[in-house]
Amino acid sequence: MSSDGNLFVQVGSYNTNLQGGAGVPQDLVDWLVPTLQVASFLSKESRAPDIFAIGFQELLPLHIGLAGLSKAVLDDRDAHIRSQIEKHTPGKESYTLVAKAVNVGVALLVYARDSGIARRVCDVQTQWTGTGPAYMGNKGAVGIRFRVSDRGSKAGEVFTFVCAHLTAHEANLARRVADYRHIVSTLLFPPLPSSPSSSPTTMYSTSHLFFLGDLNFRITIPPSHPHVQTSQPYDVLTMLKDDASREQLKEFDQLLNQRRKGTAFIGLHEGPFWTFKCTYKYKLGEVDRYSTKRTPSWTDRIMYATYTDSPDTPEKSNITNILYTSIPSYVTSDHKPVVCLLLLPSPTTASSPETCAPPMLRLPSSYTPMPDPRATLKRYIGRTLDRIIGSIWWLLTVLGAGSAIVGILNFFLGLIAWRWWKAPAVSVANA
């Protein structure tokens with residue numbers, strides 16, 4: 001940690017298009033270590049982040065994720081990411097994995113710098129929830145929460161990271177908003193040891209909150225707008241060519257408008273996402289060519305909040321957004337990864353150094369996030385269905401040598417063959 005107490009946090013998110021171990025390139029320096037671009041902002045010397053948070057969506061093929069067979073891919077991703085961080089960060093710093101969490105294809109890994117706050121990380125918690133049909137995990141979120149002691153007071157500060165993948169397609173705006181609300185009410189953490197309450201807490205019960213992922217909010221330009229002359233995807237493409245046009249385009253971003261209305265992402269802030277091109281939907285293998293099947297959109301986002309942010313100034317955060325950009329050079333997915341470098345404010349000094357309660361986010365008086373009393377039941381209904389459907393799907397894929405459809409065909413052919421073999425033979429004499 002630096003002498004002024006400003007923690008440096010780097011957050012990255014990438015939808016890897018169900019590719020498992022092949023989802024990221026071997027060299028991750030462009031995505032994980034862009035700090036050389038901003039070293040002059042921080043100091044005369046390069047500085048390594050105190051915390052890395054890396055989120056993935058569509059981590060691996062869906063049937064494998066539903067079946068709960070993600071451990072090998074996640075362990076491999078962890079080893080690869082940590083080796084890249086330690087290889088390329090200024091000073092070749094070493095990092096400790098604070099925690100990792102996964103639910104089907106949504107995964108989150110958080111690392112802390114060994115020479116900094118890693119030694120003061122405690123009370124680590126992980127959580128997950130599904131927002132798919134019947135609460136299944138094909139869409140949903142995972143979260144990691146921990147406390148950093150002796151920061152501002154003996155109680156320190158609480159950090160919460162949430163990685164999410166919400167409902168797709170432009171027309172499903174209401175479902176995305178419902179997904180977010182479901183995550184708030186069911187992604188519940190146990191109370192911290194210092195809390196007098198025994199009730200579970202939402203992601204908002206924290207000192208610092210970071211929300212990232214493929215949130216799937218789209219660009220929607222009204223048909224009456226003068227920019228709309230032919231088909232919408234092509235009109236959006238023409239507006240992506242320069243910064244000024246993209247700044248105009250942001251006014252049609254569903255997420256920004258929902259945040260302004262206060263229907264979702266209450267209390268969260270975001271950097272200027274319009275300074276980089278839309279992160280979806282690209283042609284596979286192409287650096288800068290969009291698919292015409294979808295309207296280009298900023299689906300991949302990173303938002304944040306800190307306890308010194310005032311609900312009276314919702315457009316202003318005391319977290320300094322140093323860098324917010326996408327990485328166009330990654331071409332194995334129809335999404336581009338995004339990265340955000342954030343400088344947290346110095347901790348406020350508590351009235352008493354022995355204060356036992358960490359500071360919490362301040363929210364508008366009109367908004368009180370409430371835990372769903374049936375959250376556990378809903379989560380395990382979804383997980384049970386995940387495992388049943390995923391296991392059957394996985395078995396059919398094995399029978400079909402990689403294709404579930406071929407597996408179904410092979411299954412019925414095998415069933416027919418078995419019944420034929422088991423049928424009693426008919427003798428000539430009885431004929």
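Higher on the page you've got the structure.
As the structure is a prediction and not an experimental result, all values here were calculated from the model.

Reading guide: rules and limits
Residues numbered from 1 in each chain as written. Predicted model: local features only at pLDDT ≥ 70, side-chain atom pairs only at ≥ 80, totals over all residues. Heavy atoms only, no water. Helix = DSSP H or I, 4+ residues; strand = E, 2+ residues; numbered from the N terminus. Buried < 20%, exposed > 50% of the residue type's maximum accessible area, 1.4 Å probe, protein only. Areas by Shrake-Rupley, 256 points an atom, 1.4 Å probe, with all protein chains shown as cover. Pairing = 2+ DSSP bridges. Right-handed = clockwise from strand over helix to strand, strands pointing away. Phe/Tyr/Trp six-rings, centres within 6.5 Å; stacked < 30°, edge-to-face > 60°. Lys NZ or Arg CZ within 6 Å of the ring centre and 35° of its normal. 1 Å grid on protein atoms, 1.4 Å probe; cavity = no way out; pocket = protein on both sides within 12 Å on 5 of 7 lines; lining within 4 Å. Points joined across faces, edges and corners; volume = space filled by probe spheres on them. Axes fitted to C-alpha atoms, helices over the stretch in contact; angles between N-to-C directions. Contact = heavy atoms within 4.5 Å. Salt bridge = Lys/Arg side-chain N within 4 Å of Asp/Glu carboxyl O.

Peer 1: So what exactly am I meant to see when it comes to the overall build of the protein chain here?
Peer 2: When helices and strands are tallied, the protein chain shows 10 helices and 11 strands. Among the 431 residues that make up the protein chain, the fraction classed as buried is 52%. Carbon and sulfur atoms make up 58% of the accessible area of the protein chain, which amounts to about 19100 Å² in all.

Peer 1: Honestly, the pairing of strand β7 (residues 157-165) in this entry has me stumped. Any pointers?
Peer 2: The two faces of the sheet receive side chains in turn, since in a regular strand these alternate between them. Most of β7 sits inside the fold, with 9 of its 9 residues counted as buried. Both faces of β7 are covered, namely the face carrying E157, F159, F161, C163 and H165 and the face carrying V158, T160, V162 and A164. The sheet contact formed by strand β6 (residues 140-148) and β7 spans 9 bridges and is antiparallel. Bridge assignment links G143 to a residue of β7, and that residue is V162. Across 7 bridges, β7 lies against strand β8 (residues 208-214) in parallel orientation. Each residue of the ladder has a partner; that of T160, found in β8, is L209. Each parallel crossover has a hand, and for β7 linked through helix α5 (residues 173-186) to β8 it is right-handed.

Peer 1: Sorry, what's going on with the packing of aromatic side chains here?
Peer 2: The description of two aromatic rings rests on the distance between their centres and on the angle between their planes. Here the structure, examined in full by the defined rule, presents 18 aromatic pairs. Grouped by ring-pair contacts, the aromatic residues Y14, W31, F56 and Y330 constitute a single cluster. Here the guanidinium or amino end of R77 rests over the ring plane of F56, the centre of that ring lying 4.6 Å away. Positioned over the ring face of F217 is R176, at 5.4 Å from the centre of the ring.

Peer 1: What's the story with the layout of surface pockets in this structure? I'm lost.
Peer 2: If a probe as big as a water molecule is rolled over the atoms, it shows which places are left empty. Put simply, the largest pocket is a space of about 350 Å³. Contributing to the lining of the largest pocket are 22 residues, with I266, G267, L268, P314 and P364 lying nearest its centre. Taken together, the elements giving at least two residues each to the lining of the largest pocket come down to α8 (254-261) and β9 (300-306). Among the elements that take part in the lining of the largest pocket, α8 stands out by supplying 3 residues, more than any other.

Peer 1: Whenever I open this one, unusual backbone geometry confuses me. Can you help?
Peer 2: One can expect most non-glycine residues to show negative phi and most peptide bonds to be in trans. Backbone torsion omega between Y280 and K281 reads 5°, so that peptide bond is classified as cis. Structurally, K281 can be placed in the loop between α8 and β9.

Peer 1: Explain the environment of I117 to me, please; I cannot follow it from the model alone.
Peer 2: Tracing the backbone shows I117 in the loop between β4 (106-113) and β5 (121-130). Judged by relative accessible area, which is 0%, I117 ranks as buried. A sequence separation of 34 residues divides I117 from R151, and the C-alpha atoms of the two residues are 9.6 Å apart.

Peer 1: Help me understand the sheet that holds β8 in this model?
Peer 2: Pairing between the strands of a sheet comes from backbone hydrogen bonds, and it takes one of two forms, parallel or antiparallel. Strand order in this open sheet of 5 strands is β5-β6-β7-β8-β9, and the pairing throughout is mixed. In this open sheet, the two edge strands, each paired with only one partner strand, are β5 and β9. On average, each strand axis in the sheet is inclined to that of its neighbour by 10°, with strand direction left out of account. On top of the sheet, α5 reaches β5, β6, β7 and β8; it is set at about 135° to β5, its chief contact.

Peer 1: So what exactly am I meant to see when it comes to the pattern of salt bridges here?
Peer 2: It is possible for side chains of opposite charge to pair when their charged atoms get near one another. Across all of its chains, the model carries 16 salt bridges by this definition. Of the charged contacts, one joins K250 and E251 as a salt bridge, the two residues approaching to 2.9 Å between their closest N and O atoms. Residue classification places K250 among the buried residues on the basis of a relative accessible area of 10%. Residue E251 is classed as partly exposed on the basis of its relative accessible area, which comes to 32%. The partner of R289 in a salt bridge is E286, and the shortest N-O contact between them spans 3.7 Å. In this structure R289 comes out as partly exposed when scored by relative accessible area, which is 46%. Overall, the relative accessible area of 27% leaves E286 in the partly exposed class. Here the residues in one salt-bridge network are D50, E93 and R113, joined through shared partners.

Any link to function would need more than the numbers given here.
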